[in-house]
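# Analysis of the macromolecular model
The chain contents come next:
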Amino acid sequence: MAGLKPGEINLGTTIMAVKFDGGVVVAADSRTSTGAYVANRVTDKLTKVNDRIYCCRSGSAADTQAVADIVSYHMDLYSSQHGERPTVKVAASLFQEICYQNKDNLSASIIVAGWDEQKGGSVFEIPRGGSLHQQEFAVGGSGSTYIYGFCDKTFRPGMNREECIEFVKNAVGLAITRDGHSGGVIRVAVITKDGVDREIVYGNALPPQYTG
Amino acid sequence: PNSGFKFDNVKRNQLLNDKGFMVPTATKTGTTIVGLLYKDGVVLGADTRATSGTIVADKNCRKIHYMAPNMYCCGAGTAADTDFTTEMISSQLALHSLNTGREARVVTAMTMLKQYLFRYQGHIGAALILGGYDVTGPHLFTIYPHGSTDKLPYVTMGSGSLAAMSVFESQWRPGLSRDEAVEMVKDAIESGIFNDLGSGSNVDVCVITKGDVEYIRGYSQPNQRVAKEQSYRFPAGTTEFIAPKTRTPAEEATAMDVSA
């Protein structure tokens, strides 16, 4: 597994995805850093792979952009060849193949989430080694370490759409407060069979938390 | 083409190094470059100092490179890398444009640049700000040496980027007029010129709007040399001589002829 090279743009990050009946909610912070400088304070780390599948990127900005572009291309090709959208599992599998076979040269930790006809909402996590894990919810990036406790305590299977949105906003908000590599705004996207609803939560509208 | 960087000369360079021959430092552009989206298009700006270590190699170099009739690219980092990378993709864009029968799009240039730089894993030290106006409107991108890109309304790169960004963060707002935008770019670059040692000399500006480009070389020149205080000319007769002898270049050539 490779780490970041000196001078490489770091996504830092807090990313998250939660499944609910009818789809998934994905969320991320918006900070990209080079060392101690914030290169982009309004980054969009929620990248479309197809109309109903998004990936959350963390690790190296260059590596994750390159991998997402390649998977996006394969998604288009699959749709053209099969005449239907690929499932989330297929997308996750493609991410896994690239991340695993190139593990020595990549620094990429990705969460793949979306909706498909077969299974409804699904969440898959692909950490740095290139393993694949299907989960009810997933958190990733440097900021995730600060919210495992909160997430494990708060999450319940069978939460509805609104509850999931509140959950991710709270979680990412807490991580941003504690992690220096996470910051900016919280980007949220809700993916269902009807499409994708995107939302931005600005600093002044964060869910309440103790700030001293 | 064979993929990847060629490291053939590494062993040779190591040998030379051990013998005492140091590798000459690549000319870096130090640099402050900026890009800014405004009401009708995009404004690019750059300083004009190129450095080789602590020496100024070029006091008035061009850092805003032509990519296509509707697209220009500022370059920071290793001067040779930015020059050649932009020229190469510019050439590919021209062919692409002829092939498709359409005006080149900024995202096309961005994709070509990022995929090229990613392939070289950061060894090509080109940090670029790409701006242009195509059928889909004005666009501004920033491209890092490792191949990542950001799409933003205002960007700065190079050693003077923090100084320039402080100007943008305090003044930028959406819907600026052309004059406001150009002034802001000038202020940002001057901030880099005066507060960053790697940047200096003049401000170059390039304004790209729908169907029109205005490249202003030397928009601001705040570092002109002052008039010399006195004449340092030696009066005729300062140097004494015994007997004058003149030779013309033609004679010189004959004298130097060493052919058999």
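What comes next is a walk through the structure. Because the structure is predicted, anything quoted here is derived from the model rather than measured.

Turning to the overall build of chain B, a few remarks are in order. If you tally the helices and strands in chain B, you get 6 helices and 12 strands. Considering only C-alpha atoms, chain B reaches an extent of 75 × 50 × 40 Å along its principal axes. Pairs at least 24 apart in sequence give 61% of the contacts found in chain B among residues at least 6 apart. On chain B, roughly 15100 Å² of surface is accessible, and the fraction owed to carbon and sulfur atoms is 55%. Taking the average location of the 25 positive side-chain charges in chain B and that of its 26 negative ones, the two points are 4 Å from each other.

On to the layout of surface pockets. Within this model, the largest pocket holds a volume of roughly 620 Å³. Lining the largest pocket are 22 residues, with A:Asp44, A:Thr47, A:Arg57, A:Gln65 and B:Thr149 positioned closest to its centre. Secondary structure elements with two or more residues in the lining of the largest pocket: β5 (46-50), β6 (53-59) and α1 (61-82) of chain A together with α3 (106-119) and β9 (149-151) of chain B. Element by element, the count of residues in the lining of the largest pocket is highest for α1(A), at 4 residues. In this model, the second largest pocket occupies a volume close to 530 Å³. Considering the residues around the second largest pocket, the lining is formed by 28 residues, among which A:Gly7, B:Ala127, B:Tyr144, B:Pro145 and B:Gly158 are closest to the centre. Put simply, the parts of the chain that give the lining of the second largest pocket at least two residues each are β4 (37-40) of chain A together with β6 (71-77), β7 (126-134), β10 (154-157) and α4 (161-171) of chain B.

With that out of the way, let us pick up helix α2 (residues 88-101) of chain A. Residue and element names in this part refer to chain A. With 14 residues, α2 ought to run about 20 Å at 1.5 Å a step, and its terminal C-alpha atoms sit 20 Å apart, in line with that. Among all positions of α2, only Val88, Ala91, Ala92, Phe95, Ile98 and Cys99 are buried. Projected down its long axis, α2 carries its buried residues within an arc of 130 degrees, all on one side. Exposed side of α2, more than 90 degrees from the buried face: Lys89 and Gln101 are the residues found there. As for α2, its buried residues are in contact with β5, β6, α1, β7 (108-116) and β8 (120-126).

The rules behind each value
Residues numbered from 1 in each chain as written. Chains lettered and ligands numbered in written order. Predicted model: local features only at pLDDT ≥ 70, side-chain atom pairs only at ≥ 80, totals over all residues. Heavy atoms only, no water. Helix = DSSP H or I, 4+ residues; strand = E, 2+ residues; numbered from the N terminus. Contact = heavy atoms within 4.5 Å. Areas by Shrake-Rupley, 256 points an atom, 1.4 Å probe, with all protein chains shown as cover. Lys, Arg positive; Asp, Glu negative; His and termini not counted. Charge placed at Lys NZ, Arg CZ, Asp CG, Glu CD. 1 Å grid on protein atoms, 1.4 Å probe; cavity = no way out; pocket = protein on both sides within 12 Å on 5 of 7 lines; lining within 4 Å. Points joined across faces, edges and corners; volume = space filled by probe spheres on them. Expected span 1.5 Å × (residues − 1). Buried < 20%, exposed > 50% of the residue type's maximum accessible area, 1.4 Å probe, protein only. Arc of directions from axis to C-beta.

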